[in-house]
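One letter stands for each residue in the lines below.
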Amino acid sequence: RDSVASRGLGDVYKRQHINLSDDILLRMQQPKLALTVSIPVRMDDGDLRVFTGYRVQFDDTRGPTKGGIRYHPSVTLDEVTSLSFWMTIKCAVMGLPFGGAKGGIVVNPKELSRLELERLSRGYIRAIADVIGPKRDIPAPDVYTNATIMGWMANEYAQIMREQLPGVITGKPVHLGGSLGREAATGQGALYALQQWVARNQLDPGQTTVAVQGFGNAGYHFARLAHLAGFRIVALSDSQGGIYSAAGLEPELIMQHKRTRRELKAILYCDSSVCEEARYDTLSNADLLELDVDVLVLAALENQITEQNAAQIQARQLLEIANGPVDSRADAILSERGIPVLPDVMVNAGGVTVSYFEWVQNRAGFYWDEDEVNGRLKTIMDREARYIFELADDKQINLRTAAYLHGIERISGAMIEHGTREYFQQHLSLIHISEPTRRYAI
Ligand code: GLU
C-alpha cells in the first residue's frame with residue numbers, strides 16, 4: 001500500500017537504521033480489519049440519505065486499537081487506512097498501551113442540521129458497535145468531530161450494550177466522563193514538543209515568529225497557548241483565508257471574532273475596536289505557507305506541502321499538528337534543504353495521550369484535576385521528544401525517520417515476543433539436531 005509506506009516508513013522499511021524481521025514488515029503491510037458500512041439517515045425534510053462510513057483497525061499487538069473519527073466529504077478507505085497506520089506508530093512513539101485505528105464518514109457536516117448530525121453519529125455507532133469497545137477499539141474526535149458528537153456516540157453504545165461503558169470513546173464532554181484537559185490536549189502537547197525543540201536549539205520564544213495554518217481545535221489551542229507562552233503568532237488562517245500582523249496576533253480575541261463572524265477574513269472588516277487597532281493584513285492560505293517565519297505550524301489537513309510549494313517554503317522549521325500535512329516528496333525536498341520538520345506522530349500525539357488518560361480515568365472511575373493531566377502529558381511528551389531529537393542527531397537522520405524508528409522499535413519489540421521466523425527457525429533446527437536420537441528411540 002503505497003500511501004501507507006510512502007511517508008516516514010520508507011526509510012525504516014529499507015532497514016538502513018534498524019534490523020527488522022521480515023515478519024514485522026509483512027505484518028505492517030495491511031490492516032487487521034477494514035470495515036465499510038452504510039448509514040441510512042432520515043433527513044429533516046423527510047428524505048432518506050445513505051452515508052458511507054469506515055472503521056479501520058491497523059494493528060493491535062500493543063493493545064486495543066485507538067484513533068479518531070473524521071467527518072469530511074473527501075474521506076476514503078485508503079485515507080482512513082493510512083491514518084490508522086499513523087495512529088499505530090503514534091501510540092507506540094508515546095509508549096501508550098494501544099494499537100492504531102481510524103474511522104470516518106463521507107459527509108460535509110456543515111450541510112447537516114444538528115438533529116441530522118446526531119442521527120448520523122448514532123447510526124455510525126450502531127453500524128460499527130460489534131468491532132469497538134473499551135478493551136477492543138476506542139474511537140475519539142478527529143477532523144470536524146467534537147466532544148458533543150463523542151457524547152452521542154458513547155450514549156448510543158451504552159444503549160446497545162445495556163450498560164455504561166464510558167471507556168469506549170474518548171474526547172467526551174467533561175460532564176459525560178471526559179477528561180479535563182482533553183479539549184486543548186493536541187495543541188498543548190504540540191507546544192510542549194516545540195518548547196523542547198526551542199530549548200535544545202537555544203531559541204528565544206519572544207524572538208520566534210510563528211505562522212499557524214488551520215484554526216480548528218488543534219490549531220486554535222496551540223496558537224492560544226503558544227501566545228501565552230511568549231511566542232509571537234504573526235499569522236493565522238482557516239479554510240476561508242488568513243490574517244497577518246508583524247506585531248503579533250492574539251488568538252483568543254481572534255477566536256471570539258471568528259465565532260461571531262465565522263471566518264478569519266471577515267475580521268478585517270469588522271467594526272470592533274480590536275480589529276481597527278490591530279490593522280491586520282489578509283493573506284491566502286498559500287501565502288501563509290510561504291511566509292518568512294521561524295516556525296510554520298501546519299494544523300489543517302494532509303498534503304498541504306507538496307512538490308509544488310516545498311521549494312518556496314521560507315520557514316526555518318515546520319511543526320506538523322495535522323496528520324500528514326507534508327507529503328513524501330515535499331518531505332524529501334525539505335530534508336535536502338535542511339529545514340527540520342517536527343513530525344505529526346510525535347507533535348500531535350498530545351490528543352491521543354490525554355485520550356489514554358481519559359480511558360484510564362473511565363476504567364478506574366477516579367478523575368484527575370487538570371494540573372495532573374497536563375503534568376503527566378508534559379512528562380511523556382518531553383521524554384519522547386528528547387529521545388527522538390537525540391536519536392536523529394546520533395544517527396544523522398531526519399526527525400520523522402527518528403520518530404518512526406522509535407515507534408517501530410516498540411511495535412517490533414511486541415511482535416518479537418510472539419515469535420518471529422528467526423525464533424521458530426531456531427526451534428526447527430533444535431528438532432533437527434535431536435532427530436537422530438529420536439530415530440534411535442523409535
Ligand atoms: N484524532 C486524534 C489523532 O489523530 C486523536 C485520536 C485519539 O484521541 O484517539 O491523534
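Before reading further, recall that the structure is shown in the block above.
What this report covers is the structure whose coordinates are included nearby.

Criteria and thresholds
Residues numbered from 1 in each chain as written. Predicted model: local features only at pLDDT ≥ 70, side-chain atom pairs only at ≥ 80, totals over all residues. Heavy atoms only, no water. Pairing = 2+ DSSP bridges. Helix = DSSP H or I, 4+ residues; strand = E, 2+ residues; numbered from the N terminus. Core = buried A, V, L, I, M, F, W, Y, C linked by side-chain atoms within 4.5 Å. Buried < 20%, exposed > 50% of the residue type's maximum accessible area, 1.4 Å probe, protein only. Contact = heavy atoms within 4.5 Å. 1 Å grid on protein atoms, 1.4 Å probe; cavity = no way out; pocket = protein on both sides within 12 Å on 5 of 7 lines; lining within 4 Å. Points joined across faces, edges and corners; volume = space filled by probe spheres on them. Nonpolar A, V, L, I, M, F, W, Y, C, P; charged D, E, K, R; others polar. Expected span 1.5 Å × (residues − 1).

Another aspect to go through is the pairing of strand E2 (residues 48-59). Two elements, strand E1 (residues 33-42) and E2, share ten bridges in a ladder whose sense is antiparallel. If you follow Val41 over to E2, its bridge partner there is Arg49. Once E1 ends, the chain turns through five residues before running back antiparallel as E2, passing Gly46 with a positive phi of about 95 degrees. Relative to strand E4 (residues 99-106), E2 is paired through six bridges, and the arrangement is antiparallel. Pairing of Tyr54 across the sheet is with Gly104, part of E4.

Another point: the nonpolar core. Counting 77 residues, the largest nonpolar core has Val212, Phe222, Leu236, Leu319, Ile321 and Met346 as the members making the most contacts within it. Non-local contacts of Met346, meaning those with residues more than four positions away in its chain, are made with Val93, Ala193, Met381, Ala385, Ile388 and Phe389. With 26 residues, the next largest nonpolar core counts Val37, Met43, Trp152 and Met153 among its residues.

The volume enclosed by the second largest pocket comes to roughly 300 Å³. Along the wall of the second largest pocket there are 17 residues; nearest its centre are Trp197, Pro340, Ile397, Asn398 and Leu399. Contributions of two or more residues to the lining of the second largest pocket are made by helix H7 (185-200), helix H13 (328-336), helix H16 (370-395) and helix H17 (399-417). Classifying every residue of the lining of the second largest pocket gives nine nonpolar, four polar and four charged.

With twelve residues, helix H8 (residues 217-228) should cover 16 Å at 1.5 Å per step; its first-to-last C-alpha distance of 17 Å lies within 8% of that length. Across the twelve residues that make up H8, a large majority, nine, are buried. Along H8, the residues that are buried comprise Ala218, Gly219, Tyr220, His221, Phe222, Ala223, Arg224, Leu225 and Ala226. If you follow the buried residues of H8, they end up packed against H7, strand E6 (209-213), strand E7 (232-238), helix H9 (251-261), strand E10 (295-298) and strand E11 (317-320).

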